Structure formats: structure tokens, C-alpha cells
Amino acid sequence: MTDPTEALVTRARGGDREALASLWREHRAWVAAVALAYAPRGADVEDLVQDVAAKVIQQIQTLRESHKWRPWLRAITMNTARSAARSERARRATRALRADDDTLADPKNPTARGDASGALERVLALPQEYREPLLLQATRGMTQKQIAEALEIPETTVETRLARARRMLREQNLEHQR
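Novice: Outline the overall build of the chain, supporting the account with residue identities and numerical values.
Specialist: Of regular secondary structure, the chain possesses 8 helices and 0 strands. Listed by position from the N terminus, the elements making up the chain come as α-α-α-α-α-α-α-α. The contacts of the chain with a sequence gap of at least 6 include a subset with a gap of at least 24, amounting to 59%. As displayed, the chain has an accessible area near 10800 Å², and 49% of this comes from carbon and sulfur atoms.

Novice: Can you break down helix α6 (residues 128–140) residue by residue, with the values?
Specialist: Taking 1.5 Å as the rise per residue, α6 with 13 residues should run 18 Å; its terminal C-alpha atoms sit 17 Å apart, in good agreement. Remark: G141 follows α6 within two positions and exhibits a positive phi of approximately 70°.

Novice: Let's hear about the packing of aromatic side chains: which residues, and what values?
Specialist: Between two aromatic rings, the relevant description is the distance of the centres plus the angle of the planes. All told, the structure shown has 1 aromatic pair when counted by the stated rule. When the ring centre of W30 is taken as origin, the NZ or CZ atom of R70, which lies over that ring, is 4.1 Å away. Over the ring of Y38 we find R131; its NZ or CZ atom is 5.5 Å from the centre of that ring.

Novice: So what's going on with the side chain of R131? Which residues, and what values?
Specialist: Looking at where R131 falls in the secondary structure, it is placed in helix α6. Of the side chains with opposite charge, E132 lies nearest to the buried R131, which makes no salt bridge, at 7.3 Å. Non-local contacts of R131, meaning those with residues more than four positions away in its chain, are made with A37, Y38, V123, L124 and L126.

Novice: Talk me through helix α7 (residues 144–151); I want residue IDs and the actual numbers.
Specialist: All of the buried residues along α7 are I147, A148, A150 and L151. Down the axis of α7, the buried set is contained in an arc of 165°. They therefore lie on one face. Note on α7: the residue one or two positions beyond its end, E152, has a positive phi of about 55°.

Novice: Can you explain the environment of E65? Please cite residues and give values.
Specialist: With respect to the helices and strands, the residue E65 is situated in the loop between α3 (45–59) and α4 (69–98). Note: C-alpha distance between E65 and R13 (52 residues apart in sequence) is 9.8 Å.

Novice: Requested: an account of unusual backbone geometry, with residues and values cited.
Specialist: For residues other than glycine, phi is negative in most cases, and the peptide bonds are mostly trans. In this model, E152 sits at a positive phi of 55°, which is unusual for a non-glycine residue. Here E152 is to be found in the loop between α7 and α8 (155–177).

Novice: Outline the packing of helix α2 (residues 17–38) against α3, supporting the account with residue identities and numerical values.
Specialist: Any two packed helices are characterised by the angle at which their axes cross and by the distance between the axes. It is at 10 Å that the axes of α2 and α3 come closest, and there the two elements cross at 135°. In this view, α2 runs oblique relative to α3, as classed from their interaxial angle. Every pair of crossing elements has a handedness; the one defined by α2 and α3 is right-handed. Along its contact with α2, which presents L20, W24, R28, V31, A32, A35 and L36, the element α3 presents V45, E46, L48, V49, Q50, V52, A53, V56 and I57. A class-by-class count of the residues in the contact of α2 with α3 yields 13 nonpolar, 1 polar and 2 charged.

Novice: Residues and numbers for the nonpolar core, please.
Specialist: One finds W24, V56, W69 and L73 to be the most contacted residues of the largest nonpolar core, which totals 48 residues. Within the residue set of this core, elements represented by two or more residues are α1 (4–13), α2, α3, α4, α5 (116–124), α6, α7 and α8. Those residues in contact with W24 that lie beyond four places of it in its chain are V31, V49, V52, A53, V56 and L73.

Reading the values: the criteria
Residues numbered from 1 in each chain as written. Predicted model: local features only at pLDDT ≥ 70, side-chain atom pairs only at ≥ 80, totals over all residues. Heavy atoms only, no water. Helix = DSSP H or I, 4+ residues; strand = E, 2+ residues; numbered from the N terminus. Contact = heavy atoms within 4.5 Å. Areas by Shrake-Rupley, 256 points an atom, 1.4 Å probe, with all protein chains shown as cover. Expected span 1.5 Å × (residues − 1). Phe/Tyr/Trp six-rings, centres within 6.5 Å; stacked < 30°, edge-to-face > 60°. Lys NZ or Arg CZ within 6 Å of the ring centre and 35° of its normal. Buried < 20%, exposed > 50% of the residue type's maximum accessible area, 1.4 Å probe, protein only. Lys, Arg positive; Asp, Glu negative; His and termini not counted. Salt bridge = Lys/Arg side-chain N within 4 Å of Asp/Glu carboxyl O. Arc of directions from axis to C-beta. Axes fitted to C-alpha atoms, helices over the stretch in contact; angles between N-to-C directions. Parallel < 35°, antiparallel > 145°, perpendicular 65-115°, else oblique. Left-handed = near helix turned anticlockwise from the far one by under 90°. Nonpolar A, V, L, I, M, F, W, Y, C, P; charged D, E, K, R; others polar. Core = buried A, V, L, I, M, F, W, Y, C linked by side-chain atoms within 4.5 Å.

So this is what it looks like as C-alpha cells:
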């Protein structure tokens, strides 16, 4: 085991708090980027990151293979963000049902959402496989190579997904302007 991350994971799984803290410091920004890619509109990414940290502390012993740290951490982050999205959708549905005024439930109504949020909404509406690399590049300034390593996919796949995401956004913007 020559990988320092694997050694830290092994120590953290054994109860070494300093190793766990070191792992978290090293991966926190990446966790925030992944959380942002999956977070519901208006979610506080910092809250999601804190939820992920708590789950990591509680569940580190469940990680069976130290070399699978990043996929395991990514899965926890995605599940935390998706759970927040489900909760937010349920809250919005409840508010819409309770609203006396149907304009609150109308996504095209400018009072229901600000025009500045429209572009972000279109990005968040992209399919996951296109949204994640685009947000990692736009918010974290990651290169295609770094994104490929983070998502554990080929660099050419990242390049293709970024190009398709941009094309989808251009098409959405044209539709929005009509």
C-alpha cells in the first residue's frame, strides 16, 4: 500500500481521528463541488457538506476497501444531496397545495423565481451526467483531466459531456428567449 490516501483511510477506519480529519481536509472542496452538482435549487451547500461530514464520521468503519474511498465518499455526497432534493420537492409540493394563489406554483411567474436564477435552474435541469462535469469545471475551476479523475471516467468522456452540456444550455437559452 504505497498510496498515502489509502494509508490514511486504513488508519481512519481503525479509529484514528487525525487521519480522518486529514482525509476530510484533503477532500472537502471536492465534496462541496459534488454536493453542488446534485443539490436542489436554493440548498445551502455548506449544510450538505456538514451532513456528509457527519455521515463519514458515523460510517467510516463500513468502508471495506481503502482504495474505494473516493467512490464511497462520492456516493455518500450524492445520496445526501438527493435526499435534500426529495425533501425540498416535498416541501414545495406542500406549499403549492396550500397556496391560495396559483401564481406561486407557476415556474414561469417572475414572482415565483427571480430572472437571475433562470440560468442556474437550466444548468440544474441538465441530466446528471452532463451537469456534474459542467459544475465541477465552472465552480471549482477543475480541468478536464481533474474532472475525469474525480468522476473516474475517461477524459474524452468528460470532454464530450461538457460539449453536450453547453449545447443543451445554448438550446435552452434560445427556447427561453422566445
